[in-house]
Amino acid sequence: MATLRLGDEAPNFTAQTTEGEINFHEWLGDSWGVLFSHPADYTPVCTTELGTVSKYTEEFNKRNTKVMALSVDGLASHKDWIKDINETQATTVNFPIIADEDRKVSGLYDMIHPNADSKHTVRSVFVIGDDKKIKLTITYPASTGRNFDELLRVIDSLQLTQYHSVATPANWNNGDDCVIAPSISSEDAKTKFPKGFKELKPYLRMTPQPNLN
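Residues numbered from 1 in each chain as written. Predicted model: local features only at pLDDT ≥ 70, side-chain atom pairs only at ≥ 80, totals over all residues. Heavy atoms only, no water.

Draft legend 1. The pairing of strand β4 (residues 65–71), seen in detail. Most of β4 is tucked away, with 6 of its 7 residues classed as buried. In terms of strand pairing, strand β3 (residues 32–37) meets β4 through 6 bridges, oriented parallel. Across the sheet, the residue bridging to Leu35 is Met68, located in β4. Here 3 bridges tie β4 to strand β5 (residues 97–99), and the two strands are oriented parallel to one another. Pairing of Leu70 across the sheet is with Ile98, part of β5. Taken together, β4, helix α4 (residues 75–89) and β5 constitute a β-α-β crossover, and its handedness is right-handed. (Buried < 20%, exposed > 50% of the residue type's maximum accessible area, 1.4 Å probe, protein only. Helix = DSSP H or I, 4+ residues; strand = E, 2+ residues; numbered from the N terminus. Pairing = 2+ DSSP bridges. Right-handed = clockwise from strand over helix to strand, strands pointing away.)

Here it is as structure tokens:
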């Protein structure tokens, strides 16, 4: 199928997971979501990634975000692998992992890139909004582990900018100043941003993060 683009609806599916059969859209409900794929079970980088996500449960919960992983291995393999993850990463995997043996979900989300690997998924990441729309896509090679601090940073930015007429500048972190959207006139900005703003250029106006006290 065609590559999924930002703003597209995240394709729905029903799949077997380590937490039972799940309908993706029903499982998401009114939450945000992160769907991310793994080349295979019992791989070292993946083991560290799933362990890390388990340790970030509270951070994802703060952001009303559910997490689901995928690999093309089977359910029995997943469940045995989880034991290794829990042991080596000193954690408890507490989110579903899809057993995508028929590559149905991988196909829907274009997770297999034949020139990289004809059988296994690349490290795809999809951040999905509470409207079921795709907000972010990142694709890593199999050899590079993901930075989940960066994913939390992006979710913070996406949730902030969706509601507050701002954008986030380079290297922004939660609490830093934001950029006022160009569609907001400076006159309207005086009312909309009571904390004030600094005009560096007519198109570049900085204001304190609006959703913080």
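Draft legend 2. How the structure looks around the pattern of salt bridges. All told, the structure shown has 8 salt bridges when counted by the stated rule. Between Lys135 and Asp131 there is a salt bridge whose closest N-O contact spans 3.0 Å. One salt-bridge network, held together by shared partners, links Glu59, Lys62, Arg63 and Asp156. (Salt bridge = Lys/Arg side-chain N within 4 Å of Asp/Glu carboxyl O.)

Draft legend 3. Structural detail: unusual backbone geometry. For Asn64, which is not a glycine, the phi torsion comes out positive at approximately 55°. Position of Asn64 relative to the elements: it lies in the loop between α3 (57–62) and β4. A relative accessible area of 36% means that Asn64 is categorised as partly exposed.

Draft legend 4. The arrangement of the packing of helix α2 (residues 44–55) against α4 in detail. Across the interface, α2 lies against α4 with an axial gap of 9 Å and an inter-helix angle of 70°. By the angle between their directions, the pair α2 and α4 is classed as roughly perpendicular. Residue-level contacts link Cys46, Thr47, Thr48, Leu50, Gly51 and Lys55 of α2 to Trp81, Ile85, Thr88 and Gln89 of α4. Taken together, the residues of the contact of α2 with α4 sort by class into 4 nonpolar, 5 polar and 1 charged. (Axes fitted to C-alpha atoms, helices over the stretch in contact; angles between N-to-C directions. Parallel < 35°, antiparallel > 145°, perpendicular 65-115°, else oblique. Contact = heavy atoms within 4.5 Å. Nonpolar A, V, L, I, M, F, W, Y, C, P; charged D, E, K, R; others polar.)

Draft legend 5. Looking closely at the sheet that holds strand β11 (residues 204–207). On the basis of which strands lie adjacent, the open sheet formed by 4 strands has the order β8-β9-β11-β10 and antiparallel pairing. Because the sheet does not close on itself, it has two edges, and the strands there are β8 (166–167) and β10 (198–201).

Draft legend 6. Region of interest: the environment of Asn211. As for its placement among the helices and strands, Asn211 is situated in the segment after β11. C-alpha separation for the pair Asn211 and Thr191, spaced 20 residues apart in sequence, amounts to 15 Å. Apart from residues lying up to four places away in sequence, Asn211 is in contact with Leu160 and His164. Here Gln209 takes part through its side chain, which lies 2.8 Å from a polar atom of the side chain of Asn211. (Polar contact = N/O pair within 3.5 Å; in protein donor to acceptor, adjacent residues only side chain to side chain.)

Draft legend 7. The arrangement of the nonpolar core in detail. If you look at the biggest cluster of nonpolar residues, it comprises 25 residues, and the most contacted ones within it are Val34, Phe36, Phe95 and Val127. Taken together, the elements giving at least two residues each to this core come down to β3, α2, β4, α4, β6 (123–128), β7 (134–140) and α6 (148–163). For this core, the leading source of residues is α6, giving 6 residues. Excluding anything up to four places from it in sequence, Phe95 contacts Thr18, Glu19, Phe36, Leu50, Val53, Ser54, Val67 and Ala69. (Core = buried A, V, L, I, M, F, W, Y, C linked by side-chain atoms within 4.5 Å.)

Draft legend 8. Broad picture of the pairing of β3. The element β3 is largely enclosed, with a buried count of 6 among its 6 residues. In β3, alternate side chains face the same way, and those of Trp32, Val34 and Phe36 on one face and Gly33, Leu35 and Ser37 on the other are all buried. With 4 bridges joining them, β3 and β6 adopt antiparallel strand pairing. Opposite Phe36, over in β6, you have Val125 as the bridge partner.

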